[in-house]
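Inside the fold
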Amino acid sequence: MTSIFKTFMLATTVAAAPLMVATTASAEGEKYILVSHAPDSDSWWNTIKNGIALAGEQMNVEVEYRNPPTGDLADMARIIEQAAASGPNGIITTLSDYEVLSGPIRAAVDSGVDVIIMNSGTPDQAREVGALMYVGQPEYDAGHAAGMRAKADGVGSFLCVNHYISSPSSTERCQGFADGLGVELGDQMIDSGQDPAEIKNRVLAYLNTNPETDAILTLGPTSADPTMLALDENGMAGDIYFGTFDLGEEIVKGLKSGVINWGIDQQPFLQAYLPVVVLTNYHRYGVLPGNNINSGPGFVTKDGLEKVEQFAGEYR
């Protein structure tokens, strides 16, 4: 059994590490920096922080988490540049907007920093910027799989509640869903913003104007939680087909109650944990998986919630 898989198996037995953004450095002195596009307000990324904390503890390396507080991608590009200039052994980063982020990532690779793309972007894009590999869920593919599932369930029209419309990867989820259904996306996607009250109001307004909408697709807890409140208010909870990306405490409750039909689990814990393990083994022993790692999509329904409910918002 290789070192990477031995370490992976240990993850199921080691006690959960406390939430942290850095871990004790090893004798070898390896330091890795994970840069995400997430704003501080997005609690979904706590699972990412838990993933790097546990990986850092197990591999005995230092791992630091950095992000643009407001989710501004130009700010994220600067953070990547600053991270590379600090001389880490490796950078793990999302690639949520190729146009904005590919330049700084390529520059980091050219300066001698090893990079792994995680969460957003695609394997092809990771290869184009010179990254070692990609660990994540191709967003368009996940949206397309969700659309095909919804089509089989009789869905023909939908509302996609996009809470991060400035990120192309979010739009790819909505576009993939539309293509899976075989319909035009058009105005079925709304820019909801990230304020919970505004999201709720915009969902209510859309459904009031478009009462024949068959389904709702949300892109994570930020948009799913207020959408559930909207459906409670207008009496459609449990009566309209509802799918969402990602998991969280309220989403799990929605799955249990039947308000949400399914959640798409991209397994963010693995998206953070595995790159740290891969980079450490690569630097110490020169070993590297030969293929990219798809962490999703996987569909979670109320029939498979035991572990998800136990670890939602923490490791799931």
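Residues numbered from 1 in each chain as written. Predicted model: local features only at pLDDT ≥ 70, side-chain atom pairs only at ≥ 80, totals over all residues. Heavy atoms only, no water.

**Comments concerning the sheet that holds strand S4 (residues 114-119)**
The strands that make up a sheet are held in pairs by hydrogen bonds between backbone atoms, and each pair lies either parallel or antiparallel. Read from one edge to the other, the open sheet built from 6 strands follows the order S2-S1-S3-S4-S5-S11, with strand pairing classed as parallel. Looking at the sheet topology across the chains shown, the edges are occupied by strand S2 (62-66) and strand S11 (293-294). Two elements, strand S1 (residues 31-35) and strand S3 (residues 90-93), share 4 bridges in a ladder whose sense is parallel. Bridge pairing in S3 places leucine 34 opposite isoleucine 92. Running over the sheet, helix H4 (residues 98-110) touches S3 and S4 and is turned about 145 degrees from S4. (Pairing = 2+ DSSP bridges. Helix = DSSP H or I, 4+ residues; strand = E, 2+ residues; numbered from the N terminus. Contact = heavy atoms within 4.5 Å. Axes fitted to C-alpha atoms, helices over the stretch in contact; angles between N-to-C directions.)

**Points about the sheet that holds strand S6 (residues 158-162)**
A sheet is described by the order of its strands in space; here 6 strands give the open sequence S7-S6-S8-S9-S10-S12, paired in mixed fashion. The two strands at the open ends of the sheet, each matched to only one other strand, are strand S7 (189-191) and strand S12 (298-300). Within the sheet, the average angular offset between the axes of one strand and its neighbour, ignoring direction, is 20 degrees. Relative to strand S10 (residues 262-265), strand S9 (residues 241-245) runs parallel, the two sharing 3 bridges. Residue pairing across strands places glycine 243 opposite tryptophan 262, the latter belonging to S10. This element, helix H6 (residues 139-152), spans S9, S10 and S12 of the sheet and lies at about 165 degrees to S9.

**Comments concerning the side chain of serine 170**
When you line up the elements, serine 170 lands in helix H7 (residues 168-181). Here the side chain of serine 170 touches tyrosine 164 through a polar contact of 3.4 Å, landing on its backbone oxygen. In this view, serine 170 contacts Asn162, Tyr164 and Leu219; residues no more than four positions away in its chain are not counted. (Polar contact = N/O pair within 3.5 Å; in protein donor to acceptor, adjacent residues only side chain to side chain.)

**Regarding the state of the cysteines**
Tallying each qualifying case throughout the model produces 1 disulfide. A sulfur-sulfur separation of 2.0 Å characterises the disulfide bridge that pairs cysteine 160 with cysteine 174. Negative torsions about the S-S bond denote left-handed disulfides, and the value of about -55 degrees found for cysteine 160 with cysteine 174 makes this one left-handed. Linking cysteine 160 in strand S6 with cysteine 174 in helix H7, this pair joins segments that are 14 residues apart in sequence. Across the pair, cysteine 174 and cysteine 160 agree in class, each one buried. (Disulfide = S-S within 2.5 Å. Buried < 20%, exposed > 50% of the residue type's maximum accessible area, 1.4 Å probe, protein only.)

**Let's talk about the domain arrangement of the protein**
Considered domain by domain, the protein is made up of domain 1 (31-137 + 267-295) and domain 2 (139-265). On a C-alpha basis, the centres of domain 1 and domain 2 stand 28 Å from each other. Taken together, the contact pairs 15 residues of domain 1 with 16 residues of domain 2. Carbon and sulfur atoms make up 40% of the surface buried where domain 1 meets domain 2, a total of about 1,200 Å² over both sides. In this structure, the connection of domain 1 to domain 2 is made through 0 salt bridges. At the surface where domain 1 touches domain 2, the tally comes to 4 residue pairs in polar contact (both at pLDDT 80 or more). (Domains from an automatic or database assignment. Buried area = accessible area lost by both parts, 1.4 Å probe. Salt bridge = Lys/Arg side-chain N within 4 Å of Asp/Glu carboxyl O.)

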